[in-house]
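These are the residues of each chain, in order.
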Amino acid sequence: MFQVIGGRSVQAARVFAPRSAVLVEAVRGRKSRTDPVAKSKVGRIKVPSPVDPVEMVVLKERYGEYQMIMRALRLEFKEEMLRKRYEEDTGSLAEERARQEAEEHRILMDFNHQENQRMLKLRVLRVQQEKEEADCKKLEVILQREQEQQEIVKEKEKEILKLQEDAKNFITMENLDQRIEEALDNPKNYNFAIDKQGKVVKQTVLQ
Amino acid sequence: MVHLSSLLLKKYHGGYVVIRFALAGHKQANRPFYRIVAAYNKRARDGKYLEQLGSYDPLPNINNEKLVSLNFDRIKYWVGCGAHTTKPVAKLLGLAGFFPLHPMTITESERHRARAELTVTGTEDGLREGQKDAEV
């Protein structure tokens, strides 16, 4: 029933996945030559179907004609296909189509060019405006910085003036003696309290 | 001729294209319907085909006609590309007139006619013998 596959096999159906190293196939026919014949077929002699020689001659003639006509038909169809192909590729219609396509292409390219030009103009304007705005902003920033610097300078000058005014009351080496004497002559009393309203109170306990 | 089909098709070593019947999968018992199909020789009968070229309904309809459809343009293309046809497809196309009549169709019809004549003459002889017996 099962045969081992050697080289080629015409009608094989792989029944099982080949787990073993050898490929096993199921071939047409259930029984092998060693299996016994069935009871109903014991005395059977297989005879080929009878052939009428006259009919066979006529049939062979007809087959010859048929095959010749078929061959001719095939070549004809092939030629027709090739001709159609050729017509499509390099026929009169093909030229017109190519021309029309070229026209369309040209028109579209022109349109594209126009669009590009328009966009270019807009872009140039826009870029110019942006540049002007950026310049303005830069100028403003510079002005502001200068102003700030000037204010700083003014403040510094104020401080200097204040210092100069305070410097008049400083104690130097020349004023030292004079100041000491002044301080000793005028004893200052810092013992005072201050009210919530701001009234100074020098005496607390009534004496 | 350059093989005009797409390059995505599988390459079969020594395979060729056939025009044959494939059962259309209607999944109804005792109601077949065939598609006339161009497929590679190695493919399963109902498997993936290259192109459908028509259909054939083997059971006769209400008006006792068996309907067949054929796409002659594409059949021409495939035959020009070198496709073979199976016997039933060749016979069908012969009857349709697209191909020459298949020799077996002619011989089958001759055999059928011979058998019909035999039965007619057989009944005539039988009738004549019956009449002779009656006379005698």
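Provided above is the structure to which this section pertains.
Quick caveat: nothing in here was measured; it's all calculated off a predicted structure.

Asker: What's the story with the overall build of chain B in this structure? I'm lost.
Answerer: Looking only at helices and strands, chain B has three helices and five strands in total. Mapped in sequence order, the helices and strands of chain B form the string β-β-β-β-α-β-α-α. Taken over 136 residues, chain B has a buried fraction of 30%. Considering only contacts in chain B between residues 6 or more positions apart, those separated by 24 or more positions represent 39%. Of the roughly 9,200 Å² that chain B leaves accessible, carbon and sulfur atoms contribute 54%.

Asker: For this particular structure, what's the right way to read the interface of chain A and chain B?
Answerer: Note on interface size: it is often stated as the accessible area lost on association of the parts. Taken together, the contact between chain A and chain B spans 16 residues of the former and 22 residues of the latter. Summed over both partners, the interface of chain A with chain B buries about 1,800 Å², with 67% contributed by carbon and sulfur atoms. Looking at the side of chain A facing chain B, the largest losses of area belong to R62(A), Y66(A) and F77(A), adding up to 33% of the total buried there. The interface formed by chain A and chain B holds four salt bridges in total. Between R111(B) and E55(A) there is a salt bridge whose closest N-O contact spans 2.9 Å. Taken together, chain A and chain B are joined by six residue pairs in polar contact (both at pLDDT 80 or more).

Asker: Sorry if this is basic, but what is going on with the side chain of R62(A) here?
Answerer: Within the secondary structure, R62(A) is located in helix α1 (residues 53–90). Residue class for R62(A) comes out buried when judged on its relative accessible area of 19%. A distance of 2.7 Å separates the side chain of R62(A) from the side chain of E110(B), its partner in a polar contact. Not counting residues within four places of it along the chain, the set of residues in contact with R62(A) comprises P103(B), I106(B), T107(B) and E110(B).

Asker: In this structure, what is going on with the sheet that holds strand β1 (residues 17–23) of chain B? I would like to understand it.
Answerer: As a general point, the strands of a sheet are linked pairwise by backbone hydrogen bonds and lie either parallel or antiparallel. All names here are of chain B. Spatially, β4-β3-β2-β1-β5 is the arrangement adopted by the five strands of the open sheet, whose pairing is mixed. Sheet topology places β4 (68–70) and β5 (84–85) at the edges, where each strand pairs with a single neighbour. With two bridges connecting them, β1 and β5 associate as parallel partners. Residue V18 lies in a different strand from β5, and its bridge partner there is H84.

Asker: In this structure, what is going on with the pattern of salt bridges? I would like to understand it.
Answerer: Note that side chains of opposite charge can pair when their charged atoms are close. Residue and element names in this part refer to chain B. Taken as a whole, this structure holds 14 salt bridges over all chains when the rule is applied. With a closest N to O distance of 2.9 Å, R45 and D46 form a salt bridge. Of the residues examined, R45 reaches a relative accessible area of 46% and is grouped as partly exposed. Relative accessible area serves as the criterion here: at 43%, D46 is assigned to the partly exposed category.

Asker: Explain the pairing of β1(B) to me, please; I cannot follow it from the model alone.
Answerer: It is a general feature of regular strands that their side chains alternate between the two faces of the sheet. Residues and elements named next belong to chain B. Counting buried positions along β1 yields six of seven residues, so the element is predominantly enclosed. For β1 and strand β2 (residues 34–40), the ladder comprises seven bridges, and the chain directions are antiparallel. Its bridge partner lying in β2, A22 is registered against R35.

Asker: What's the story with the pairing of β2(B) in this structure? I'm lost.
Answerer: Residues and elements named next belong to chain B. Among the seven residues of β2, five are classified as buried, and the element is accordingly described as predominantly covered. With five bridges connecting them, β2 and strand β3 (residues 51–56) associate as antiparallel partners. Bridge pairing in β3 links I36 to G54.

Asker: Explain the side chain of T105(B) here, please?
Answerer: Residue and element names in this part refer to chain B. Turning to its location among the elements, T105 is positioned in helix α3 (residues 103–135). Only 3.0 Å separates the side chain of T105 from the backbone oxygen of H102, close enough to count as a polar contact. Each residue touching T105, except ones within four places of it in the same chain, is listed here: K91 and L95.

Asker: I tried to follow the packing of α1(A) against helix α1 (residues 72–81) of chain B on my own but got confused; where do I start?
Answerer: At a minimum axis separation of 8 Å, α1(A) and α1(B) run at an interaxial angle of 105°. As far as their axial angle goes, α1(B) and α1(A) are roughly perpendicular. Contact residues: R74(A), F77(A), K78(A), E80(A), M81(A) and K84(A) in α1(A); D73(B), K76(B), Y77(B), V79(B) and G80(B) in α1(B). Its residues assigned to classes, the contact of α1(A) with α1(B) comprises four nonpolar, one polar and six charged.

What counts as what
- Residues numbered from 1 in each chain as written.
- Chains lettered and ligands numbered in written order.
- Predicted model: local features only at pLDDT ≥ 70, side-chain atom pairs only at ≥ 80, totals over all residues.
- Heavy atoms only, no water.
- Helix = DSSP H or I, 4+ residues; strand = E, 2+ residues; numbered from the N terminus.
- Buried < 20%, exposed > 50% of the residue type's maximum accessible area, 1.4 Å probe, protein only.
- Contact = heavy atoms within 4.5 Å.
- Areas by Shrake-Rupley, 256 points an atom, 1.4 Å probe, with all protein chains shown as cover.
- Buried area = accessible area lost by both parts, 1.4 Å probe.
- Salt bridge = Lys/Arg side-chain N within 4 Å of Asp/Glu carboxyl O.
- Polar contact = N/O pair within 3.5 Å; in protein donor to acceptor, adjacent residues only side chain to side chain.
- Pairing = 2+ DSSP bridges.
- Axes fitted to C-alpha atoms, helices over the stretch in contact; angles between N-to-C directions.
- Parallel < 35°, antiparallel > 145°, perpendicular 65-115°, else oblique.
- Nonpolar A, V, L, I, M, F, W, Y, C, P; charged D, E, K, R; others polar.

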